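An overview of the molecular structure
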Amino acid sequence: KQGINAEYGDGKHARRTGTNGPLGEIFDHGCDAFSTVFVLIAYGIATDLGPTIGLFTLCCLGNFLFYAAHWQTLVSGVLNFGRFDVTEAQLFLISVHIWTGLF
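Residues numbered from 1 in each chain as written. Predicted model: local features only at pLDDT ≥ 70, side-chain atom pairs only at ≥ 80, totals over all residues. Heavy atoms only, no water.

1. Some points on helix α4 (residues 86-102)
- Taking 1.5 Å of rise per residue, 17 residues should cover 24 Å, and α4 covers 24 Å from first to last C-alpha, within 8% of that figure.
- Among the residues of α4, Q90, L93, V96 and H97 are the ones counted as buried. With its buried residues spanning 125° around the axis, α4 presents them on a single face. Facing away from the buried side of α4 by more than 90 degrees, the exposed set consists of L91, W99 and L102. (Helix = DSSP H or I, 4+ residues; strand = E, 2+ residues; numbered from the N terminus. Expected span 1.5 Å × (residues − 1). Buried < 20%, exposed > 50% of the residue type's maximum accessible area, 1.4 Å probe, protein only. Arc of directions from axis to C-beta.)

Structural data, given as structure tokens:
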């Protein structure tokens, strides 16, 4: 879990420090696309979904939303998530893991 959380934070850190570039952005988004499935599977395990059609649907929906957001970026030139951004998604997933770990 820690490696996945660090993977999602590296792009933010690169933009904050000004060390981002086109190649790093492509690599970062490629790694994010790959790890999205594993994050959603970890969420399914934490919430005890099990190997069901619900977990499969969650993985498919998560990947579709990821690619739709990046397609919008390709067309418009701006990556905009709205009110529920990546940070809120990370905090939600972290709180779910903490909650299921404690209870």
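Next comes the rest of the write-up.
2. Observations concerning the confidence of the model for the protein chain
- Model confidence for the protein chain is summarised by a mean pLDDT of 81, while 89% of its residues fall at 70 or above.
- Within the protein chain, α4 carries the highest mean pLDDT (89), whereas helix α1 (residues 2-17) carries the lowest (62). (pLDDT = per-residue confidence, 0-100.)

3. Details of the nonpolar core
- Formed by V39, Y43, A46, L93 and V96, the largest nonpolar core amounts to five residues.
- Looking at this core, the elements that each hand over two or more residues are α2 (22-46) and α4.
- With three residues, α2 is the single largest residue contributor to this core.
- Filtering out sequence-adjacent residues up to four positions away, L93 remains in contact with V39 and Y43. (Core = buried A, V, L, I, M, F, W, Y, C linked by side-chain atoms within 4.5 Å. Contact = heavy atoms within 4.5 Å.)

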